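Reading the structure
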Amino acid sequence: MAPEGRKRGKIRWSKLYTFSCIRPSVLESDGPLPSPGFSRVVHCNRSQMHKKKPFKYPNNYISTTKYNALTFLPKATFEQFRRVANLYFLLAAALSLTPVTPFSAVSMIAPLVFVVGLSMLKEALEDWRRFMQDMKVNSRKVSVHTGEGKFGNKSWQNLRVGDVVKVEKDQFFPADLLLLSSSYEDGICYVETMNLDGETNLKVKRALETTLPLDNDAAFADFTATIRCEDPNPNLYTFVGNLEYEQQVFPIDPSQVLLRDSKLRNTQYVYGVVIFTGHDSKVMQNATRSPSKRSTIEKKMDYIIYLLFTVLVLISLISSIGFAVKTKFLMPKWWYLQPDNTTNLYDPKNASLSGVFHLVTALILYGYLIPISLYVSIEIVKVLQATFINQDLQMYDEETGNTAQARTSNLNEELGQVDTILSDKTGTLTCNQMDFLKCSIAGVSYGVGSSEVEIAAAKHMAVDHNRQKADPAGNHDIHYSSENDEGNLHSPEIELEPMTTPRFGNGKKPSIKGFSFEDDRLMNGNWLNEANANSILLFFRILALCHTAIPELNPETGSFNYEAESPDEGAFLVAAREFGFEFCKRTQTSVFVRERYPSPAHPIE
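Bear in mind the structure is a predicted one, so any value in this text is a computation, not a measurement.

In total, this model carries 24 aromatic pairs according to the counting rule given. Their ring planes at 85 degrees and their centres at 5.7 Å tell us that Phe-220 and Phe-223 sit as a pair that is edge-to-face. Side by side, Phe-220 and Phe-223 carry an identical accessibility label, which is buried. On the basis of an interplanar angle of 80 degrees and a centroid distance of 5.7 Å, the ring pair of Phe-515 and Phe-579 is categorised as edge-to-face. Pair noted here: Phe-515 is in the loop between α9 (452–470) and α10 (533–545) and Phe-579 is in helix α11 (residues 567–579), with a separation of 64 residues, a long-range link. Across the pair, exposure class does not vary: Phe-515 and Phe-579 are buried alike. Through a chain of ring-to-ring contacts, the aromatic side chains of Phe-436, Phe-515, Phe-517, Trp-527, Phe-539, Phe-540, Phe-579 and Phe-581 assemble into a single cluster. Its guanidinium or amino end placed over the ring of Trp-156, Arg-140 lies 5.0 Å from that ring's centre, counting from NZ or CZ. We note Lys-166 situated over the ring of Tyr-269; from NZ or CZ to the ring centre the distance is 4.9 Å.

Shown next as structure tokens:
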């Protein structure tokens, strides 16, 4: 173990109380002065108070672009001349303006302007696309309380701190909100935070009990409250604050805060009051400026340019030395060149200076050793690749209707180059979709299907044994034969048995999402005839009772659909329903299950 004090966390200036003086102060009329780092004051349903000092909180407009109208030219130019080749061509273009150049200045400057201009145009186009995506987000509509218990649509970018908003099912939260109430009586709602932490499992948020009566539009006609909370910070999982409502103070914790860019799921609607907007929101506090990304190939090309430039200088140096020697010793004999009446470029009396001038000339003359057209080709290829990625049908998600979006083409060649995967669970690597396929009750295995993992393992075993069979150097006693047809493998000695338990009946039922179980011993009430019926009954009741899901009646089928935190819970509840134990209602203190095949000896208590 390292000695105490050796490990220290990174200090954030925003967390030091010494620098809290830069935060907006609060008037004494608004209540007692808060502690440093705890200076946020939100007047609920009175957003106009936050447009002026001492508050002056920012609006909800966000921008993720790399450039703007003022910074584009200097920043983009700097980005282009980070490339070694462009620096060389800039030097060559500058030397082409001198008398020692063997070419016209246009022939050196024009290619450089073309390459740099093309790259800057690509950067501008990609940043324009980011700008349009930002405008699309900023222009989203949300229902906001406009006064007298009436709600109207307003753009996200026009939201202010203190606004009361109504967010409906499958909509994103436009800002960081304090949850006031929801469509459920107990004030809970389900939130998907995949855009924040990559988790597809739903999180449960719960409103304060004191704000539960605010469950309709008219209830906000006279609603006023004050929130005193922490200043904007990037911590997604912590929140410290108080709600002052009806002359009482209630503590606020992270379970009452709805973060921007998370989505409302499995809940018809929620009411909330805006706490943090725009770049003050926690997700934007965690966002970084669009970095200048360079691919591995581009970095490697810089080293190649270094090598080629070294070769170029070596060739030019040898050429200039030879020129200086010939100028000093041979040129005086060439009377037709008039050696006594010449410039410094060909002066036999000062051959060293003539050699230096010739070195510059040679660097320009042999400069085509470094291909400027290579960068042009690469830029064009990257733009075309980004276009193909955006239009690739195999990258289209039919469920969400989203296509792949190449926000930058600088790293196209890095795609698919996975070196190491560090994962805490398989859900990170899969679609996180659960199917009830098999179960084990009192030591007895039920279910006759084979999972995709088992089928893949069988195929892998078939390949390995076929290789062993084909190896002439080894003596193998195992004879293995396989038929590679959708995982149907057969072998005299080694065989994957898809039927782990006997099955009765061959009739197939319609497929049910989340339920792929097949075994007639448990279906249609046949489990009552099993020797361990008591254990099976307990197993089914546990499936139907131990969860946090909410039932929703499907008017088309008459059965219940379940809004669960995770796919696991959903699959268990669907399985319990198919086995005859249908979860149908939940209250604060009770859970109701409808049993299709009740056991007289074991009634529900």
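Moving on, we come to the side chain of Arg-160. By secondary structure assignment, the location of Arg-160 is in the loop between β3 (150–155) and β4 (164–168). One buried charged side chain, Arg-160, makes no salt bridge at all; its nearest oppositely charged neighbour is Asp-163, positioned 6.5 Å away. Sequence-distant contacts of Arg-160, that is, excluding residues within four places in its chain, are made with Ser-47, His-50, Lys-51, Tyr-57, Asn-59, Val-274 and Thr-277.

This brings us to the sheet that holds strand β1 (residues 40–44). An order of β1-β8-β9-β10 is seen for the four strands of this open sheet, with the pairing classed as antiparallel. Every interior strand has two partners, whereas the edge strands, β1 and β10 (248–252), have only one. Put simply, the sheet's adjacent strands are angled 20 degrees from each other on average, direction ignored.

As a further point, take the UniProt feature "binding site: ATP" (unreviewed entry) in the protein. What UniProt calls "binding site: ATP" (unreviewed entry) maps, in this numbering, to Asp-424, Lys-425, Thr-426 and Glu-569. Examined against the element boundaries, Glu-569 turns out to sit in helix α11. Apart from the residues within four sequence positions on either side, Glu-569 is in contact with His-547, Thr-548, Ala-549 and Ala-564.

Calculation notes
Residues numbered from 1 in each chain as written. Predicted model: local features only at pLDDT ≥ 70, side-chain atom pairs only at ≥ 80, totals over all residues. Heavy atoms only, no water. Phe/Tyr/Trp six-rings, centres within 6.5 Å; stacked < 30°, edge-to-face > 60°. Buried < 20%, exposed > 50% of the residue type's maximum accessible area, 1.4 Å probe, protein only. Helix = DSSP H or I, 4+ residues; strand = E, 2+ residues; numbered from the N terminus. Lys NZ or Arg CZ within 6 Å of the ring centre and 35° of its normal. Lys, Arg positive; Asp, Glu negative; His and termini not counted. Salt bridge = Lys/Arg side-chain N within 4 Å of Asp/Glu carboxyl O. Contact = heavy atoms within 4.5 Å. Pairing = 2+ DSSP bridges. Axes fitted to C-alpha atoms, helices over the stretch in contact; angles between N-to-C directions. UniProt positions renumbered as here; feature names shortened; annotations may be inferred.

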